[in-house]
Amino acid sequence: MASQGSIPGTIMLDGPMATKGYPLNKMCYSFNNASARDEFRTDEEAYYEKFKLTEEQKQAMRQRDVIGMLEAGGSIYYLAKFAGILGLNVQDVGGLQTGMTTDEFKAFLVKQGEV
Amino acid sequence: MASQGSIPGTIMLDGPMATKGYPLNKMCYSFNNASARDEFRTDEEAYYEKFKLTEEQKQAMRQRDVIGMLEAGGSIYYLAKFAGILGLNVQDVGGLQTGMTTDEFKAFLVKQGEV
Amino acid sequence: MANLLGGIATSHIPAIGVAMDKGLEETPYWKDFFDAYPPVRDWLYTQEPDIAIIFYNDHGLEFFHDRKPTFAIGASELYENADEGWGIAEIPPVTGETELSWHIVNHLIEHDFDITVCQEMKVDHGLTVPLTLMWPGHKYGHIKVIPVAINCERHPMPKPSRCYAFGKAIGDAVRSFSGDQKVVVMGTGGLSHQLDGQRAGYINKPFDLYCMDKIVNEPELLTQFTNYELVEKAGAQGVELNMWLAMRGALENEGSLKELHRSYHLPISNTGAGLQLLATNNAR
Amino acid sequence: MANLLGGIATSHIPAIGVAMDKGLEETPYWKDFFDAYPPVRDWLYTQEPDIAIIFYNDHGLEFFHDRKPTFAIGASELYENADEGWGIAEIPPVTGETELSWHIVNHLIEHDFDITVCQEMKVDHGLTVPLTLMWPGHKYGHIKVIPVAINCERHPMPKPSRCYAFGKAIGDAVRSFSGDQKVVVMGTGGLSHQLDGQRAGYINKPFDLYCMDKIVNEPELLTQFTNYELVEKAGAQGVELNMWLAMRGALENEGSLKELHRSYHLPISNTGAGLQLLATNNAR
Ligand SMILES: [Fe+3]
Ligand SMILES: [Fe+3]
């Protein structure tokens, strides 16, 4: 996909990114199970080790840095399950990534209907 | 596949047969795990129940009736794992299906090279 | 032969399921969105379809990157929903069927579509939210569902033209089935939205309206896009248009279509949410 | 561009792995069979390939009917073998690679092949027995393997013509890769055999010899068969010829091929066991 140029603010989850992100995404996929979510909540660092996250991925996770997670190969579909643990919805996550408050982000969404 | 006529002595594992055979094949697929093989050895009937085998499938299993297993939708690839539990190899299984002893079956194989 | 009655395209975002669980349909945020659905429900009630073939994408419930199919089709008597990890309520099992499923599988393999066949699969909100929207109160038990999952989560994804051809082959398979079942096809997801990156929140209303306009009689204008172009024009998750194209492909050889419903609401969650109903001449 | 050096077709039956484990290579039953391999091993030793793309079928280790792909391709750094349930010894992990894998995946999707991509997958005797045959003593760690699994276990299976086209597309992808790696392709399985039914033990030597003859320069004579015809002529498991055809397809655009080795032994376990080596002009 990279050969076609890049779309600003968009990180394509292509093959090489999926290779890079595999441990992170596998960890987040496990969050489909309530017991895995509990295990993560109990000891985050141990859970990172269990899935062999890279240092970059651990850092992004520790800092709740969504853009950092994406740059480390994270897929939004699996990261969403992590956001669920934090009690964040897609508007909250949108705000986090765009530097807006959730309310600002929601207003931004509404504004795009005024075309 | 049925519409193309049938090949004598050959049960095509097509879609409808795979539907019919699903519980039996799923049980046999579990035999990839040593612990599953042990569990089966300990209580065969309970293991049939666990995978919800049909009565036809249970009967074929109880009687070690390979042709019956195939007719009940069994796939030879998964049944082979059951044969492993019984300590049978593919020549033994060939004999069982053709009504030959293993030695007769082996001789039959050799004979086909004499063309 | 089995008869295709028509196709329905609808949003599938989880927030809709949550809103229905909580009974928020009449609140200001949701009212206009939900008010669009009764005409489509009435049509389904009148037409009494036996089977629904649902093109959707799995968002990481059934499939992970360990084994990610391009196209997957179910051939099971039953499909379970399950915990997706972020709180949407699980719904009762979905009724499946296997005869038409295997007939479609045979047809697809004969025509060089390299599907993954699932005799057991969990279905996620991409399928269950639309079912719940069409038959509220989980009253969908009577309809037999054939789930068809299209990869929209990891590039490379099947091209829009391939998704359309895939749908078309499934439509041909339905018509060549010896039963007399009545079948509807559904395409779920979209329209424009982007959940990830600094561009999160991107929606393209003019493009969405263009797509809903062209999909009726000029779908070839949409199938010419690359997935890259879809991401550019409709956001990272705008590629879910591919499910609409597969649905439309299934109707391709049905002759003229009647557009019985079209609506669009923005924003619903982070998306432009479309609803569209295209009926064939087999519909009453 | 990466270079295709040639293709190897070989049997993959588990009994071979068991014989090697037990050191039975020189016993009367096995001697002629194993004596056929040194020339092919020598060729590999001389050519020093970096990557082996191996077309094989999974016999129920990685895939079950719950989610059965038509075509699956690996994109992982490592592939584990595991207990298959009937006593063949597990072998050390197989080295993978991901760059060429993803390049091939992109090419395949662009050309409308609907593969399942596996970032984690267990490889069974269909892949590990040939590896062990080519590099005895488990000395295969240096070669990077790309596993490509083709459904040969449940009908409907991809058509011989589709398998050939699939291989051809993979060959084209290799040639369009920007690296300078040396690549061999392998097709494993066959030849005629039938494990199940009252027809168990069926072998068709004349047909096997015909296939080995025609695959060199007239593969189109083989790709015209249906899978039904293959079962009829070569037994229920004779459809494993499809892996040979995929291997041959990968060489299709390489110009003239040199057949450097051909041998056939019957019976090896319940099969007619073939070995064949086709070199391209890129080989030394
Ligand atoms: Fe979605
Ligand atoms: Fe095999």
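Our subject in this report is the structure included herewith.

Definitions and limits used
- Residues numbered from 1 in each chain as written.
- Chains lettered and ligands numbered in written order.
- Predicted model: local features only at pLDDT ≥ 70, side-chain atom pairs only at ≥ 80, totals over all residues.
- Heavy atoms only, no water.
- Least-squares fit on C-alpha atoms with pLDDT ≥ 70 in both.
- Donors = N, O, S within 2.8 Å, 3.2 Å for Na, K, Ca; no water.
- Helix = DSSP H or I, 4+ residues; strand = E, 2+ residues; numbered from the N terminus.
- Buried < 20%, exposed > 50% of the residue type's maximum accessible area, 1.4 Å probe, protein only.
- Axes fitted to C-alpha atoms, helices over the stretch in contact; angles between N-to-C directions.
- Parallel < 35°, antiparallel > 145°, perpendicular 65-115°, else oblique.
- Left-handed = near helix turned anticlockwise from the far one by under 90°.
- Contact = heavy atoms within 4.5 Å.
- Nonpolar A, V, L, I, M, F, W, Y, C, P; charged D, E, K, R; others polar.
- Pairing = 2+ DSSP bridges.
- Buried area = accessible area lost by both parts, 1.4 Å probe.
- Salt bridge = Lys/Arg side-chain N within 4 Å of Asp/Glu carboxyl O.
- Polar contact = N/O pair within 3.5 Å; in protein donor to acceptor, adjacent residues only side chain to side chain.
- Arc of directions from axis to C-beta.

**Quick look at the relation of the copies chain C and chain D**
Part 1 of the argument: Mapping chain C onto chain D calls for a screw motion: a turn of 180° about the axis and a shift of 0.0 Å along it, with 0.0 Å RMSD after fitting. Here the symmetry operator amounts to a two-fold rotation axis. Judged by C-alpha distance, Asp-114 of chain C is the residue of chain C that lies nearest the rotation axis, at 2.4 Å.

**Some details on the coordination of the iron ion (ligand 2)**
Residues and elements named next belong to chain D.
Part 1 of the argument: Donor atoms from the polypeptide that bind the iron ion (ligand 2) are His-12 (NE2), His-59 (NE2) and Glu-240 (OE), placed at 2.1 to 2.2 Å.
Part 2 of the argument: Each donor residue of the iron ion (ligand 2) belongs to the same chain, and together they define the spacing H-x46-H-x180-E. Within this pair, whereas His-12 is found in the loop between strand 1 (3-10) and helix 1 (14-21), its partner Glu-240 is found in the loop between helix 9 (227-234) and helix 10 (241-250), the two being separated by 228 residues in sequence.
Part 3 of the argument: By relative accessible area, Glu-240 is classed as buried at 2%.

**A short note on the packing of helix 4 (residues 99-110) of chain D against helix 6 (residues 160-175) of chain D**
All names here are of chain D.
Part 1 of the argument: Contact pair helix 4 / helix 6: the axes reach a minimum separation of 9 Å and the direction vectors enclose 125°. With respect to each other, helix 4 and helix 6 are oriented oblique. In terms of crossing hand, the pair formed by helix 4 and helix 6 is right-handed. Counted together, Leu-100, His-103, Ile-104, His-107 and Leu-108 of helix 4 and Phe-166, Ala-169, Ile-170, Asp-172, Ala-173 and Val-174 of helix 6 form the full contact between these two elements.
Part 2 of the argument: Class assignment of the residues belonging to the contact of helix 4 with helix 6 gives a composition of eight nonpolar, two polar and one charged.

**A short note on the pairing of strand 11 (residues 271-279) of chain C**
Residues and elements named next belong to chain C.
Part 1 of the argument: Buried residues dominate strand 11, accounting for nine of its nine residues.
Part 2 of the argument: Burial of the side chains of strand 11 extends over both faces: Thr-271, Ala-273, Leu-275, Leu-277 and Ala-279 are buried on one face and Gly-272, Gly-274, Gln-276 and Leu-278 on the other.
Part 3 of the argument: As defined by bridge partners, strand 1 (residues 3-10) adjoins strand 11 across five bridges and the pair is classed as antiparallel. Its bridge partner lying in strand 11, Ile-8 is registered against Leu-277.
Part 4 of the argument: As paired elements, strand 10 (residues 258-268) and strand 11 share eight bridges and run antiparallel to each other. For Lys-258, the partnering residue across the bridge sits in strand 11 and is Ala-279.
Part 5 of the argument: Two successive antiparallel strands, strand 10 and strand 11, enclose a turn made up of two residues, where Ser-269 displays a positive phi of approximately 55°.

**Observations concerning the interface of chain C and chain D**
Part 1 of the argument: Facing 29 residues of chain C, the contacting portion of chain D comprises 29 residues.
Part 2 of the argument: Summed over both sides, the interface between chain C and chain D buries roughly 2700 Å², with carbon and sulfur atoms accounting for 45% of that surface.
Part 3 of the argument: Summed over the shared surface of chain C and chain D, the number is eight salt bridges.
Part 4 of the argument: Here Arg-162 of chain C makes a salt bridge to Asp-114 of chain D, at a shortest N to O gap of 2.6 Å.
Part 5 of the argument: At the boundary of chain C with chain D, the tally comes to 18 residue pairs in polar contact (both at pLDDT 80 or more).
Part 6 of the argument: Elements that contribute at least two residues to the side of chain C that touches chain D include exactly strand 3 (68-69), helix 4 (99-110) and strand 7 (116-118) of chain C.
Part 7 of the argument: Here the residues of the side of chain C that touches chain D sort into 13 nonpolar, five polar and eleven charged.
Part 8 of the argument: Sheet topology note: the strand 7 of chain C/strand 3 (residues 68-69) of chain D ladder contains two bridges and is antiparallel. Bridging across to strand 3 of chain D, Val-117 of chain C finds its partner in Lys-68 of chain D.

**As for the coordination of the iron ion (ligand 1)**
Residues and elements named next belong to chain C.
Part 1 of the argument: Around the iron ion (ligand 1), the protein supplies His-12 (NE2), His-59 (NE2) and Glu-240 (OE) as donor atoms, at distances of 2.1 to 2.2 Å.
Part 2 of the argument: Expressed as a motif, the donor residue spacing for the iron ion (ligand 1) is H-x46-H-x180-E. Linking His-59 in the loop between strand 2 (51-56) and strand 3 with Glu-240 in the loop between helix 9 (227-234) and helix 10 (241-250), this pair joins segments that are 181 residues apart in sequence. A single burial state applies to His-59 and to Glu-240, both of which are buried.

**Some details on the interface of chain C and chain A**
Part 1 of the argument: Of the residues lining the interface, 37 residues belong to chain C; the matching set on chain A comes to 43 residues.
Part 2 of the argument: Interface area, chain C with chain A, both sides summed: about 3600 Å², of which 58% is carbon and sulfur.
Part 3 of the argument: The interface formed by chain C and chain A contains one salt bridge.
Part 4 of the argument: Between Asp-83 of chain C and Arg-37 of chain A there is a salt bridge, with its nearest N and O atoms 2.9 Å apart.
Part 5 of the argument: If you list the elements that add at least two residues to the side of chain C that touches chain A, you get helix 7 (205-217), helix 9 and strand 10 of chain C.
Part 6 of the argument: Top element by residues in the side of chain C that touches chain A is helix 9 of chain C. It accounts for three residues.
Part 7 of the argument: Its residues placed into classes, the side of chain C that touches chain A shows 14 nonpolar, twelve polar and eleven charged.

**A closer look at the environment of Glu-39 of chain B**
Part 1 of the argument: Note on placement: Glu-39 of chain B falls in helix 3 (residues 34-42).
Part 2 of the argument: In this structure Glu-39 of chain B touches Tyr-47 and Lys-50 of chain B, once residues within four positions along its chain are discounted.

**Side note on helix 3 (residues 38-47) of chain C**
All names here are of chain C.
Part 1 of the argument: Of all the residues in helix 3, the buried ones are Val-40, Arg-41, Trp-43, Leu-44 and Gln-47. What you see down the axis of helix 3 is that its buried residues fit within an arc of 160°, all on one side.
Part 2 of the argument: Positive phi shows up at Glu-48, right after helix 3, with a value of about 50°.

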